[in-house]
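# Coordinate analysis (summary)
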Amino acid sequence: MPNIDKKAIEIFPGKVVRKDLVRKVKVGANVPVFVLEYLLGKYCATDDQYAVEAGMKVVNSTLSENFVRPDEANKAQSFVREKGKHTLIDKVKVRYLSQDDKYWAEFVNFGHKYVHVPEHYVRTFDRLLMGGIWAQVNIRHEFDEEIKGKRSPFWIDKIQPIQLAAFDFDDYRECRKEFNTDEWIDLLVRSIGLEPSHFDKRLKLLFLTRLIPLCEQNFNLIELGPRATGKSYAYQEISPFAILLTGPTTVANLFYNMASGKMGLVGLWDSIAFDEVADLQKMPGEVVTTLKTYCESGTFARGKEALTGMASIAFLGNTNQPVEVMVKSSHLFIPLPEVIREDMAFLDRIHFYIPGWEIPKMQNEFLTDHYGFVVDYLAEALKELRKHNFTESPDRHFSLGSHLNTRDVKAVRKTVSGLIKLVHPDGKFTKEELAQLVDLAVEGRRRVKEQLKKMGSFEYYKTSFSYIDNETREERYVGVPEEGGRDLISVDPLAPGSVYTASVDDNGKVGLYRIEVGCSQGTGKLKVTGGLDMAMKESIQRAFAYIQGHKVEMGIAQNIVSTDFHVEAIDLLSNRISCSAGVSLLVAIYSAIKKQSVLPGLIILGDLSIQGNIKALSSLVETLQMGMDNGARRALIPIGNKRHFLEVSGDIIERVDPIFYSDPLTAAMKALGIK
């Protein structure tokens, strides 16, 4: 038996279960995993094969005798009538009917909506009133002597929720010390049914990140990715304290029902997951508005009341395009419904974006045959961990960089806190272990911010997220793998005739292009290929007209009259932002004629008029920020923008060298490094 399995059985007796047994029983019984593992943990938590086989027989007989299939509801009711008493495993819901002034229980599979329930169970298990719970129930059949109101022959004698009777959190933390970090992570991954040997450390941590809403209060998570990657599993099967919404809901159901005075789902569940986030489109606008307020502070207003909830929110959705296409053509929130897709204030409240495209589709070989926690035990641990707070933990060794604003810092701290609760519930970890968690937390928040920058540009332009070692003062910048943006502008010299250029529109959005000029024998004609927008095409034609009029003083007259120039503009960001490329074209043609490359890592800014007057940019900050993020090391800037340089942040000034110019020929010579 593997070492981790032995340790798990010895240290957590009765609290671990072989996950392959769960799958075997699950195939024949349509009950949640935590119900099966409750039974398996009760009868099969041993490494004795004979005892396991005997326990399996008990579990199967319990399910066959006590679990009610929905299509056998009438048969089950008849059985209870004939026998008088019976024990059922079913999902039980309770509702209050004012006309009867009475609570009635509903058995979902048993198929009866009016079962007498002792009121003390309603007070003890308030989730009975909202969504219901799975439970083992003793039910009896007895004549109802009630004269007024509704009558029913079925009575509940005892309700035993399918969950632990008691949970010792101190024992859980002490037992954690018996495992090293890698062993503990593997045990947690096996607890959700997966075999960790198939995955690297990063992927294991991403799987565990799905559990953060279960252990961290008011945590906002989003995961968008391909289908069949197990996005909803944690909220549907792992914990009885989470609810998975699979359709539209209302403000009354989700937050507060003013008619009944009852708190909604956010007050009754630890975590609420929207299985298909596209369903938000079908919900009333008030749901989205209230949800936006709730995701910020955990509070919301209904009527005259300001109320508070602790439930975390998870948005789950499917992508229909490869991530490479989304990155180039739009942004990573494009799968979201229209009602929130461009709502930057709503999206800015998300603490972590799980890159679902990195998680493989579930296959049989990814499922584990080893021991993991009974998920109900794990769920109790996660619930208990919600009471603890590790948001200050990063401060022990690190401080966050200057580009993280208040919301960014809050998001990173809550993510780190959640990961520490999962991986280091005793609060003890090394500096290197903390760095791994901070790194992942910063990346998840930056993924959100990068998309906001694409949508809103200037307002969210600070995305160079980093954290600083308090001891060495070394600053580590954290990127997002899918952007791959740091090599769009090559630090190696381009071929002669090729240059990078950028421009900013009236909304503060930036376009980035590579202009390529090819030469052939001809008569001095300009040939533009590709579908350029009218403004960019006009700036190119205007610049070429200037070159033809000033070819002698530029020293390129002979080359101009005997050459045809083929121009192509490649939209590197694929965001279709128009770019005034006059100066860039002039430099590219000069470079092609001189057969000399421009300076490596150079981005060219500015445009020119038909008479050669330089047009400055309306704003400098956005273009330089975008250039720096994509690898620029130098920027050729109109002298008219020198006054805007005071607005540029210090980290851009440190990493992008400015080269100012006042006329077209100076721009061309400085771009080629000619003094």
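Quick summary incoming for the structure in this document.

### Structural notes on the sheet that holds strand S18 (residues 466–469)
On the basis of which strands lie adjacent, the open sheet formed by three strands has the order S17-S18-S19 and antiparallel pairing. The sheet terminates laterally at strand S17 (398–400) and strand S19 (475–477), the two strands that pair on one side only. On average, adjacent strands in this sheet sit at an angle of 25 degrees to one another, irrespective of strand direction. Here S18 runs beside S19; their pairing, made up of three bridges, is antiparallel. If you follow Ser466 over to S19, its bridge partner there is Tyr477.

### As for empty space enclosed by the protein
Applying the stated criterion across every chain, the model contains two cavities of 30 Å³ or more. Lining the largest cavity are Cys295, Glu296, Asp348, Arg349, His351, Arg407, Lys410 and Arg445. Mapped onto the lining of the largest cavity, the elements with two or more residues apiece are helix H14 (285–297) and helix H19 (406–423). For the second largest cavity, the calculated volume is near 40 Å³. Thr181, Ile185, Lys201, Leu205, Val423, His424, Glu433, Gln436 and Leu437 are the residues that line the second largest cavity. Contributions of two or more residues to the lining of the second largest cavity are made by helix H8 (181–191), helix H9 (201–209) and helix H20 (431–456). With three residues, the top contributor of residues to the lining of the second largest cavity is H20. Per-class residue counts for the lining of the second largest cavity are four nonpolar, three polar and two charged.

### Let's talk about the side chain of Asp20
Position of Asp20 relative to the elements: it lies in helix H2 (residues 19–28). Dropping the residues within four chain positions of it, Asp20 is found in contact with Thr368 and Asp369.

### Describing the nonpolar core
Counting 90 residues, the largest nonpolar core has Phe12, Leu40, Tyr172, Tyr235, Phe373 and Leu422 as the members making the most contacts within it. In contact with Tyr235, other than residues within four places in its own chain, are Arg210, Pro213, Leu214, Leu221, Ala242, Ile243, Leu244, Ser271, Ala273, Ala314 and Leu316. Counting 44 residues, the second-largest nonpolar core is a separate cluster that includes Leu245, Phe274, Cys295 and Leu452.

### Some remarks on the packing of H8 against H9
It is at 10 Å that the axes of H8 and H9 come closest, and there the two elements cross at 55 degrees. By the angle class used here, H8 and H9 are oblique. For the crossing formed where H8 meets H9, the hand is left-handed. Taken together, the residues of H9 that come into contact with H8 (itself represented by Asp182, Ile185, Asp186, Leu188 and Val189) are Lys201, Lys204, Leu205 and Leu208. The residue makeup of the contact of H8 with H9, split by class, is five nonpolar, no polar and four charged.

Conventions used here
- Residues numbered from 1 in each chain as written.
- Predicted model: local features only at pLDDT ≥ 70, side-chain atom pairs only at ≥ 80, totals over all residues.
- Heavy atoms only, no water.
- Pairing = 2+ DSSP bridges.
- Helix = DSSP H or I, 4+ residues; strand = E, 2+ residues; numbered from the N terminus.
- Axes fitted to C-alpha atoms, helices over the stretch in contact; angles between N-to-C directions.
- 1 Å grid on protein atoms, 1.4 Å probe; cavity = no way out; pocket = protein on both sides within 12 Å on 5 of 7 lines; lining within 4 Å.
- Points joined across faces, edges and corners; volume = space filled by probe spheres on them.
- Nonpolar A, V, L, I, M, F, W, Y, C, P; charged D, E, K, R; others polar.
- Contact = heavy atoms within 4.5 Å.
- Core = buried A, V, L, I, M, F, W, Y, C linked by side-chain atoms within 4.5 Å.
- Buried < 20%, exposed > 50% of the residue type's maximum accessible area, 1.4 Å probe, protein only.
- Parallel < 35°, antiparallel > 145°, perpendicular 65-115°, else oblique.
- Left-handed = near helix turned anticlockwise from the far one by under 90°.

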